[in-house]
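# Descriptive structure summary
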Amino acid sequence: MNNQLYGKLIFELSTPGRKGYSLPKSEVEAYALPSHLLRTEAAALPECDEMTVVRHYTNHSANNFGVNNGFYPLGSCTMKYNPVIDEETAALRGFSDLHPLQPAETCQGALEVYYRLQRALSSIAGLSEFTLNPFAGAHGELTGLMVIRAYHEERNEPQRRKVIVPDSAHGTNPASAAVCGLEVVEVRSRADGRVDVDHLRTLLDDSVAAMMMTNPNTLGLFECDIPEIARLVHDCGALMYYDGANLNPLLGVCRPGDMGFDVMHINLHKTFATPHGGGGPGSGPVGVRQGLEHLLPSPRVILEDGRYRIADEKEGIHIGAFLGNFAVAVRAYTYILSLGREHLRMVGPLATLNANYIKESLKDLYLLPIDTLCKHEFVFDGLRDKSTGVTTMDVAKRLLDYGYHAPTIYFPLLFHESLMIEPTESESLETLDAFIAVMRKIAAEAADDPDVVKGAPHHTPIGRVDDVLAAKSLKLTYKMLHD
């Protein structure tokens with residue numbers, strides 16, 4: 001992009017005395033501020049005309065990559081396409097102009113969306129009831145663990161403070177347990193990437209509160225021993241928690257509640273299309289099996305005598321003042337209604353088909369440590385040929401030159417050069433074939449001209465950065481440089 005404003009900071013484009021706007025005279029009476037609140041000197045703000053500002057931010061926006069730009073195979077994140085109809089529905093004035101403190105009688109339509117989404121998620125998950133309050137997946141995890149902790153306290157078993165977490169788990173699992181005041185106990189994986197049931201048996205006693213699992217796990221493998229695992233955990237008096245990060249491949253195939261899970265969260269912003277990244281938007285509804293409904297946090301939407309109302313019980317856990325991220329809930333419900341029951345059943349199988357297609361097409365050049373049928377995602381352990389020193393990081397950076405977002409790298413920690421790829425069900429055969437061709441080309445470059453891969457990216461606005469230095473030497477404010 002040949003533009004003089006490209007890549008510059010807005011402060012560097014400032015010209016003293018230049019203005020891009022003029023405010024109309026205020027009709028509100030002015031009041032003098034106390035002297036201790038007044039500035040002693042003018043704020044150092046940029047002075048630019050409107051056109052300069054518009055060009056500046058328009059050019060910088062081109063640096064952002066999203067699903068609307070191209071293929072985004074970020075493993076464990078389910079970066080699927082978000083249909084435009086989802087955005088159109090969420091932008092309807094009857095939804096977008098609501099205030100969270102409006103009386104329930106003035107927003108019955110919005111409350112009906114909440115209620116119907118709660119029921120839809122319960123049906124999809126095989127659980128009894130859901131709350132839409134949590135604002136993110138990690139927030140949902142914390143909420144679910146708070147429900148589990150309340151369950152054991154209600155049963156007068158306060159000694160249950162241990163949460164068993166597989167060594168392949170998402171980092172939020174142990175973090176959420178720790179924030180909830182619980183102790184994390186790690187269970188090993190077998191050589192086939194699944195939970196070591198024999199090791200699990202040695203960890204179970206009356207101090208265990210729950211076991212957290214993702215199924216399929218972070219290697220994209222279905223935990224075939226889940227009935228036995230659920231039985232063992234329940235027999236010792238603990239509960240099963242399902243991390244909904246990998247729910248996508250189960251849609252239309254099976255339900256966590258039917259596997260024996262008691263509590264779970266769902267990432268609406270992943271499984272049900274809402275785009276995410278950069279800190280938002282998010283929504284992590286939490287569902288529970290029958291008998292645990294009263295432990296869900298308030299407020300909740302309920303239906304009584306044909307009217308929807310907000311039940312705000314004083315007892316129980318509280319995680320927030322309002323009913324979660326409403327705009328994400330509207331998008332998710334629109335996505336569910338758009339597909340309908342019959343087409344929602346196709347999501348999981350198509351996601352699984354796409355992942356296996358890429359895996360089988362590349363495993364001759366990329367090391368596949370567990371060569372078996374995967375679900376929605378799979379993990380390579382870098383290139384098969386490691387003789388030239390080209391790493392997973394190098395491959396990821398080189399992908400940027402070809403217009404693809406890099407997959408998840410160096411996670412899970414089970415492999416040294418992890419490269420986790422998740423195509424989702426949204427992508428076409430042509431897109432998958434093009435990605436496969438580029439991955440094969442990078443493997444050839446790594447063998448024939450490794451320096452071109454090690455020096456990547458070459459065609460992005462910013463080259464390879466020093467990640468360690470960036471973390472240690474943060475610059476969070478702009479500082480004027482003077483001659």
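### Considering the overall build of the protein
If you tally the helices and strands in the protein, you get 16 helices and 12 strands. The C-alpha atoms of the protein give 25 Å as radius of gyration, which agrees with the globular expectation for 483 residues (23 Å, within 12%). Along the longest, intermediate and shortest principal axes, the C-alpha atoms of the protein span 75 × 70 × 45 Å. Taking contacts inside the protein between residues at least 6 apart in sequence as the whole, the part at least 24 apart equals 68%. Of the accessible surface of the protein, which amounts to about 24200 Å², a share of 55% is contributed by carbon and sulfur atoms.

### Here's the deal with the packing of aromatic side chains
Applying the stated criterion across every chain, the model contains 11 aromatic pairs. Here Tyr114 and Phe326 contribute two aromatic rings whose centre-to-centre distance is 5.3 Å and whose plane-to-plane angle is 40°, an arrangement assigned as tilted. Placement of the pair is Tyr114 in helix H4 (residues 108-125) and Phe326 in helix H11 (residues 326-344), with a sequence separation of 212 residues. Residue classification places Phe326 among the buried residues on the basis of a relative accessible area of 16%. Measuring from centroid to centroid gives 4.9 Å for Phe378 and Phe380, while their planes differ by 75°, and the two rings are edge-to-face. Summarising the burial analysis for this pair, Phe378 and Phe380 share the class buried. Members of the aromatic cluster, connected to one another through ring pairs, are Phe71, Tyr404 and Phe435.

### What to know about the nonpolar core
Grouped together as the largest cluster of nonpolar side chains are 59 residues, with contacts concentrated most on Leu121, Ile164, Met211, Ile229, Met240, Ile266 and Phe272. Put simply, the parts of the chain that give this core at least two residues each are H4, strand S3 (183-187), helix H7 (197-203), strand S4 (208-213), helix H8 (226-235), strand S5 (239-244), strand S6 (263-266) and H11. Among all residues touching Phe272, those that are not within four sequence positions of it are Leu121, Ile124, Leu251, Ile266, Asn267, Arg331, Ala332, Tyr335 and Ile336. Counting residues in each nonpolar core, the second largest holds 25 residues, with Ile358, Phe378, Phe380 and Ala446 among its members.

### A word on the pairing of strand S9 (residues 307-311)
Bridging between strand S8 (residues 300-304) and S9 involves 5 bridges; their strand directions are antiparallel. Within S9, the position partnered with Glu304 by the bridge is Arg307. Linking two consecutive strands that pair antiparallel, namely S8 and S9, is a turn of 2 residues; a positive phi of about 55° is found at Asp305 within it.

### Quick word on the pattern of salt bridges
In this structure the tally under the stated criterion is 28 salt bridges. Between Glu129 and Arg119 there is a salt bridge, with its nearest N and O atoms 3.2 Å apart. Pair noted here: Glu129 is in strand S1 (residues 129-131) and Arg119 is in helix H4, with a separation of 10 residues, a long-range link. For the salt bridge of Glu228 with Arg231, the shortest nitrogen-to-oxygen distance reads 2.8 Å.

Conventions and cut-offs
- Within each chain, residue numbers correspond to sequence positions counted from 1 in written order.
- Local features are withheld for residues below a pLDDT of 70 in this predicted model, meaning they are given only at 70 or higher, and side-chain atom pairs are given and counted only at 80 or more; totals for whole chains, interfaces and linings count all residues.
- For the side-chain quantities, the full set of heavy atoms in the structure was used; hydrogens and water were omitted.
- Each helix is a run of DSSP H or I of at least 4 residues and each strand a run of E of at least 2, with the numbering of both proceeding from the N terminus.
- Put simply, the radius of gyration uses C-alpha atoms, and a globule should come to 2.2 Å times the residue count raised to 0.38.
- By definition in these notes, contact holds between two residues if any of their heavy atoms fall within 4.5 Å.
- The Shrake-Rupley method, run with a 1.4 Å probe sphere, supplies the accessible areas, and residue values consider only the shown protein chains as cover.
- To pair, rings of Phe, Tyr and Trp, with the six-membered ring standing in for Trp, must have centres within 6.5 Å; the planes then decide the type, stacked if under 30 degrees apart, edge-to-face if over 60, and tilted in the middle.
- Residue burial is assigned from relative accessible area. The probe radius is 1.4 Å, only protein chains are included, and a residue is buried under 20% of its type maximum, exposed over 50%, and partly exposed in between.
- Side-chain atoms within 4.5 Å link the members of a nonpolar core, which is a set of buried Ala, Val, Leu, Ile, Met, Phe, Trp, Tyr and Cys residues.
- By the convention used here, strands pair only if DSSP detects at least 2 bridges between them.
- Between Lys or Arg on one side and Asp or Glu on the other, a salt bridge is scored when a side-chain nitrogen of the former is within 4 Å of a carboxyl oxygen of the latter.

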